[in-house]
Number of protein chains: 4
Amino acid sequence: MNSFGRLFRLSIFGESHGPAIGILLDGVPPGIPLSEEDFSADISRRRPGAKGTTLRHETDLPLIESGCYKGRTSGTPLLLRFQNSDTRHGDYDAFIQQPRPGHADYIAGVKYFGCQDARGGGHFSGRITLGLVAAGVLAKKILAGVTFNSQLLGMGDGGNTDEAMTGAMAEGDSIGGVVSCRVTHLAAGLGEPFFDSLESLLAHVIFAIPGVRGVEFGDGFGAASMRGGEHNDVFVDEEGRTDTNHCGGINGGISNGNPLELKVAFKPTASIAREQLTWDFEQKKMAPLCIGGRHDICFALRAPVIVEAAVAVVLADLHLIRQSCLRGCFS
Amino acid sequence: MNSFGRLFRLSIFGESHGPAIGILLDGVPPGIPLSEEDFSADISRRRPGAKGTTLRHETDLPLIESGCYKGRTSGTPLLLRFQNSDTRHGDYDAFIQQPRPGHADYIAGVKYFGCQDARGGGHFSGRITLGLVAAGVLAKKILAGVTFNSQLLGMGDGGNTDEAMTGAMAEGDSIGGVVSCRVTHLAAGLGEPFFDSLESLLAHVIFAIPGVRGVEFGDGFGAASMRGGEHNDVFVDEEGRTDTNHCGGINGGISNGNPLELKVAFKPTASIAREQLTWDFEQKKMAPLCIGGRHDICFALRAPVIVEAAVAVVLADLHLIRQSCLRGCFS
Amino acid sequence: MNSFGRLFRLSIFGESHGPAIGILLDGVPPGIPLSEEDFSADISRRRPGAKGTTLRHETDLPLIESGCYKGRTSGTPLLLRFQNSDTRHGDYDAFIQQPRPGHADYIAGVKYFGCQDARGGGHFSGRITLGLVAAGVLAKKILAGVTFNSQLLGMGDGGNTDEAMTGAMAEGDSIGGVVSCRVTHLAAGLGEPFFDSLESLLAHVIFAIPGVRGVEFGDGFGAASMRGGEHNDVFVDEEGRTDTNHCGGINGGISNGNPLELKVAFKPTASIAREQLTWDFEQKKMAPLCIGGRHDICFALRAPVIVEAAVAVVLADLHLIRQSCLRGCFS
Amino acid sequence: MNSFGRLFRLSIFGESHGPAIGILLDGVPPGIPLSEEDFSADISRRRPGAKGTTLRHETDLPLIESGCYKGRTSGTPLLLRFQNSDTRHGDYDAFIQQPRPGHADYIAGVKYFGCQDARGGGHFSGRITLGLVAAGVLAKKILAGVTFNSQLLGMGDGGNTDEAMTGAMAEGDSIGGVVSCRVTHLAAGLGEPFFDSLESLLAHVIFAIPGVRGVEFGDGFGAASMRGGEHNDVFVDEEGRTDTNHCGGINGGISNGNPLELKVAFKPTASIAREQLTWDFEQKKMAPLCIGGRHDICFALRAPVIVEAAVAVVLADLHLIRQSCLRGCFS
């Protein structure tokens, strides 16, 4: 299903070229100052326009349809709705006949028995992440005092970013990238030992972001080739601090008070300017496909704020759950 | 919380040195042939004994306490319980005073306000995965016709496995490893476009396995340095088949009918034979720590069947959900 | 939280005098024909205007914001949004100072620490049930072939309805009522033996309707004064049919294929025309209160379609779950 | 599914004549003193033996299999297991051929496609409520300071209880009853305005108890024939206290700090000593049925502690959720 969370709960909706997209947030604590302008900073970080991102205009801020009164959250479900505009229906009509490689065109038809709204990728569009970014704004307000640092570590082969962009653009191609997120001043004790481990919950939401191919914590895949004596983080004081942070701030599925550190791999944009060969369901044979329209050469450029939002919504939920423990315990 | 699943739902319980560990399965379809012996093959795959795994005896099969009648599942909740034995309480007493690096000793105390059962890692013990492996047996019965191939791709620096083990053992150290899982004959259409994407659900359960540091699908982190024209899988027939499988069998969060492929990074075993320095909460200073007892040099050796179980329980749940769609749709 | 359901999942939102109210539906099967006009019949049944209901205009139909394409459900989350209009803010300002007896004014302040939108009852308004009624329309489409018969059994003391209305109106008072719902051609096998018994799920949603004070199935409270030999329904054929239906169509928490029968008690409308005494939080003493505005004398008049919707959404969810069993079973 | 709760989560399992029944509790706060003897008082209240209840021995206390260490809850999932004994398999064999009126024999066969464990009612047995009663013990520990008063209000036609019992027994019949539960010193603010209203959650769990036919709050069905001026509870002080309690301590789905009051209707025991006519699936015609074994004449006699447990588990969950709000809010 398309919702997530226990006490801070998100339900996402919308198609790229339908009337609106957005997100419904349940469990937002009452009394948080909130206006539509509060979303502008993060939505700007996600906005295309820089080199390598699309030229489509997305100036929109969400409309707050419920759950907010006199500039503060009221505690009831909060609906954030983004009206769609500046859409070009014709761009996408051909993809029912000839599904784009690397896209959900084909599988959406299987999943929804041909009833899907295929325009602009429909519900599979990257545009749907606008709602997640907006939810992240609320989540970060709940997590007052916690700091986030998210960035694009590298694109393409990891060499000079501009050269990678320029090279891909010249060849009508696209490139992937790796995004890191580091969270500091996070309380210890968030997460559960098994099914709701902190890594489990974070990876759950991060892998919901279109185009994510891998998630790792701390040393991640590098840990597989390390020795235990090298990977173990030694506790150096009463607060559980460690000088190294190979585990990325998590022991046994639970935040240990050191910085939370994770990395996310994004695949290259599936839509590329140059011609591709793929199956044509009308001609019943392979046929060349040209994807028009405007597309990011590297959508990982937009991804840091999206990954940050994914991380924040999980942490906000766990923060609220932890509050219940801190007051509810009997020890 | 320590449960997972929508229609096929797992709830795990138990401490390593408490009376019992196990798992409660809800939503098991009725009529599946089942006996306690059905668990022996997978539990043997998980069992230590080979070079590099501990010598502790774990011969146990689960007791089926409910949900099974006359050799078939009855459709009601199914409790699988493993009685604990061969435990050595004294081994672990010191770790409350001096938490082991890389273990949950410290964070368990924070999380549970000092009330945790610390013996043998308690609920954080790798032994808890026995229940997951048992659940995987049921899941694979639900997924009749689907085939799983899970293996340890490499240990340590990826060179010769025996040399890596021998080297680590000689130095009283441990090593990590990477496990792959490949699933074939899986139906297309499993998973949801956003929060319950197939990657999201799989990563959620896989990251619950103690010691996992990274999860990737298809080309995974490698995709970040690829071009789109290289990474896109071209559809070559009416069934959505592709000659390449860079996406690991998933488009838009949904299985596309091609093999599901993923890799999991395991950190090196945290318990190592040689002395480590760590904080001593009684002496209030750093002090040397020696961890006795029996420990795996590379617990990734046991991990393939555990990863496979994690994958299977997710797929079984999605298979049941998909059945509902196939009959419930109106198109 | 303000959502419900497993495979057919509802999330409700909105305040009476905020920008909009509505409901988000997840898990709607694809391919169901749907237009905004499909909601008009049921929304008309809920609409005030007749004797005993308010004169406030509620002509609105929902806007379908997502999840619907070319006149059919697309399978993705479906947002139904009702824009608010014809609201009178001034009517309600005094109720923060002096909470209305029988209303949520007081408790909303406690629950939300004074941050609630109190206008028109805010999220507690009966208007919020518009979303439930709209969800019921979808649910009944999912339950093709199942028939619903919901009616107001009686108002006030159960005597002549018009006399009861006229009497209450003359005295500036209000009256309660009992609503029945009977569902026929429902499949056997819906519901679970324990926590998700059919009665449990139905009562859960029905008790969410503002003003419900009691729910009973079959003979209900009358069963408490019956003998077993009188209450037991005797099976009379291979289909599990019974000549009597004291159990209301449910055995062991599961629909048995006979008509589902239940009754719902509604309290009298809390807002009455005549003066009441209640606590004044500014004057810090008891003080008289006059509630202006337009209010139903008996809102149970509107309730049959709301109860029917509550029943339908539960049954639609269970129908989808049952589909999964019918295909997923191994017997 | 057979589980319930958000932060304090229950999963029930077991068949009457299988190896064991019990309950798994997740989200139990750490540090609560707990021993097996703590269950004896409530289990004794549920135990048969008095006039009108069965003579079957149920002396058992639960075994605490996990989640408890050194006499205190440890914070991890807590498994309570009751071993079955003193069962008589032969008593129930005939009921597959000839389902007992008022029992789940018939519907269990439909639901589980003939795979159910029918012995002693299997998972539908009233014995399964032992787990709920045990969960109630934990719940009441979490709700320190809250007091519960549960009693059987009346049996049969509401006249003299002993006469009703004696009369029914003499005629080989059974009788129903009504149970009340009153909870005092409960905090205000528990429950949600819509789907998780306090009444919704309470009714959900109460209707899971076998044999419940109706649930009402405050004046309940009586409210339907009242006037608003009569039913409204007038606030008389700053604490929201009311002199009357027609609403049963709930406004808008949320506890208002006044006593919580509810009533539950139990049907007469389905198993009666005298002969009944019902369908015979082998003879394919109606045939007489005699139910041997030991059965309660009025199982409502045992029900007060079960209803109390149902109420307590809901309140404990809401108490923990409320703790999170109290600390998490921003007002």
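About the criteria used
- Residues numbered from 1 in each chain as written.
- Chains lettered and ligands numbered in written order.
- Predicted model: local features only at pLDDT ≥ 70, side-chain atom pairs only at ≥ 80, totals over all residues.
- Helix = DSSP H or I, 4+ residues; strand = E, 2+ residues; numbered from the N terminus.
- Rg over C-alpha atoms; globule rule 2.2 N^0.38 Å.
- Buried ≥ 20, exposed ≤ 12 C-beta atoms within 10 Å, placed from the backbone.
- Contact = placed C-beta atoms within 7 Å.
- Pairing = 2+ DSSP bridges.
- Axes fitted to C-alpha atoms, helices over the stretch in contact; angles between N-to-C directions.
- Nonpolar A, V, L, I, M, F, W, Y, C, P; charged D, E, K, R; others polar.
- Least-squares fit on C-alpha atoms with pLDDT ≥ 70 in both.
- Parallel < 35°, antiparallel > 145°, perpendicular 65-115°, else oblique.
- Arc of directions from axis to C-beta.
- pLDDT = per-residue confidence, 0-100.
- Expected span 1.5 Å × (residues − 1).

### A word on the overall build of chain A
Of regular secondary structure, chain A possesses 7 helices and 15 strands. Against the compact-globule benchmark of 20 Å for 331 residues, chain A has a radius of gyration of 21 Å, which places it among compact chains. Reported as C-alpha extents along the three principal axes, the dimensions of chain A are approximately 70 × 55 × 35 Å. With 331 residues in all, chain A has 66% of them scored as buried. For chain A, long-range pairs separated by at least 24 residues make up 72% of all intrachain contacts whose partners lie at least 6 apart in sequence.

### Looking at the sheet that holds strand 1 (residues 3-4) of chain C
By definition, the strands of a sheet pair up through backbone hydrogen bonds, in either a parallel or an antiparallel sense. All names here are of chain C. Strand order in the open sheet made by the 5 strands is 1-2-3-7-4, with antiparallel pairing throughout. Lying at the two open borders of the sheet, with one neighbouring strand each, are strand 1 and strand 4 (63-64). Relative to strand 3 (residues 20-26), helix 3 (residues 129-142) is tilted by about 30°, and along the sheet it contacts strand 2 (9-14), strand 3 and strand 7 (78-83).

### Quick look at the sheet that holds strand 13 (residues 260-266) of chain D
Strand order in the open sheet formed by 8 strands is 8(C)-9(C)-13(C)-10(C)-10(D)-13(D)-9(D)-8(D), with antiparallel pairing between adjacent strands. Strands at the two margins of the open sheet, each flanked by one partner only, are strand 8 (147-155) of chain C together with strand 8 (147-155) of chain D. Each adjacent strand pair in this sheet contributes to an overall mean axis angle of 15°, direction not counted. Across 7 bridges, strand 9 (residues 177-184) of chain D lies against strand 13 of chain D in antiparallel orientation.

### Things to note about the interface of chain C and chain D
Frequently, the measure chosen for interface size is the accessible area that the parts lose on association. In this complex, chain C contributes 91 residues to the contact, which on the side of chain D involves 92 residues. Contributions of two or more residues to the side of chain C that touches chain D are made by strand 1, helix 2 (105-111), strand 9 (177-184), helix 5 (198-206), strand 10 (212-217), helix 6 (228-231), strand 13 (260-266) and strand 14 (276-280) of chain C. The residue inventory of the side of chain C that touches chain D, partitioned by class, reads 45 nonpolar, 31 polar and 15 charged.

### Overview of the relation of the copies chain C and chain D
After a rotation of 180° and a shift along the axis of 0.0 Å, chain C superposes on chain D with an RMSD of 0.0 Å. Read as a symmetry element, the transformation amounts to a two-fold axis. A symmetric contact is evident, with 100% of the interface residues of chain C recurring at the interface of chain D.

### Topic: the environment of D:Trp279
By the secondary structure assignment, D:Trp279 is in strand 14 (residues 276-280). Between the alpha carbons of D:Trp279 and D:Pro99 there is a distance of 7.2 Å; along the sequence they are 180 residues apart.

### Section: the interface of chain D and chain B
Counting residues at the interface gives 36 residues for chain D and 35 residues for chain B. It is strand 2 (residues 9-14) of chain D that provides the largest number of residues to the side of chain D that touches chain B, a total of 5 residues. For the side of chain D that touches chain B, the class distribution of residues is 14 nonpolar, 15 polar and 7 charged.

### Some words on the relation of the copies chain D and chain B
Superposing chain D onto chain B requires a rotation of 180° together with a translation of 0.0 Å along the rotation axis, leaving an RMSD of 0.0 Å. A share of 97% of interface residues in chain D that are also interface residues in chain B marks the association as one of identical surfaces.

### Concerning the packing of helix 5 (residues 198-206) of chain A against helix 5 (residues 198-206) of chain B
At a closest axis distance of 8 Å, the pairing of helix 5 of chain A and helix 5 of chain B adopts a crossing angle of 170°. Relative to helix 5 of chain B, helix 5 of chain A is oriented roughly antiparallel. Contacts from A:Ser200, A:Ala203 and A:His204 of helix 5 of chain A reach helix 5 of chain B at B:Ser200, B:Ala203 and B:His204. Tallied by class, the residues present in the contact of helix 5 of chain A with helix 5 of chain B amount to 2 nonpolar, 4 polar and no charged.

### A word on the pairing of strand 2 (residues 9-14) of chain A
Residues and elements named next belong to chain A. Most of strand 2 sits inside the fold, with 6 of its 6 residues counted as buried. Burial along strand 2 is two-sided: the face carrying Arg9, Ser11 and Phe13 and the face carrying Leu10, Ile12 and Gly14 are both buried. Taken together, the 2 bridges between strand 1 (residues 3-4) and strand 2 define a ladder with antiparallel strand orientation. When the bridges of strand 2 are listed, Ser3 appears paired with Ser11.

### Quick notes on helix 4 (residues 161-170) of chain D
Residue and element names in this part refer to chain D. All buried positions along helix 4 are accounted for by Ala164, Met165 and Ala168. Along the axis of helix 4, the buried positions cluster into a sector of 95°, meaning they face one direction only. In helix 4, those exposed residues whose orientation departs by more than 90 degrees from the buried face are Asp162, Glu163 and Ala170. Against strand 8 lie the buried residues of helix 4. Trailing helix 4 by a residue or two, Gly172 shows a phi angle of about 65°, which is positive.

### Things to note about unusual backbone geometry
Notably, B:Lys70 is not glycine yet its phi reads approximately 50°, a positive angle. With respect to the element layout, B:Lys70 can be found in the loop between strand 5 (68-69) and strand 6 (72-73). Even without glycine at this site, D:Lys284 takes up a positive phi of about 55°. Position of D:Lys284 among the secondary structure elements: in the loop between strand 14 and strand 15 (285-289). A tally of 10 C-beta atoms within 10 Å means that D:Lys284 is categorised as exposed.

### Section: the pairing of strand 9 (residues 177-184) of chain B
Pairing geometry for strand 8 (residues 147-155) of chain B and strand 9 of chain B, over 8 bridges, is antiparallel. Residue pairing for strand 9 of chain B: B:Asn149 is matched across the bridge by B:Arg182.

### Here we look at the confidence of the model for chain A
The predicted model of chain A has a mean per-residue pLDDT of 91, with 92% of residues at 70 or higher. Across the interfaces of the predicted complex, the ipTM metric reaches 0.96, alongside a pTM of 0.96.

### Some words on the environment of C:Leu301
Looking at the element boundaries, C:Leu301 is found in the loop between strand 15 (285-289) and helix 7 (303-328). Taking the C-alpha atoms as reference points, C:Leu301 and C:Met226, separated by 75 residues in sequence, lie 31 Å from one another.

### Observations concerning helix 3 (residues 129-142) of chain A
Between the first and last C-alpha of helix 3 of chain A there are 20 Å, a value that for 14 residues agrees with the 20 Å anticipated at 1.5 Å per step. Across the 14 residues of helix 3 of chain A, 13 count as buried, placing the element largely inside the fold.

### Quick notes on the environment of D:Leu138
All names here are of chain D. Here Leu138 lies in helix 3 (residues 129-142). For the pair Leu138 and Arg274, spaced 136 residues apart in sequence, the C-alpha to C-alpha distance is 40 Å. Setting aside anything within four residues of it in sequence, one finds Leu138 in contact with Leu25 and Val28.

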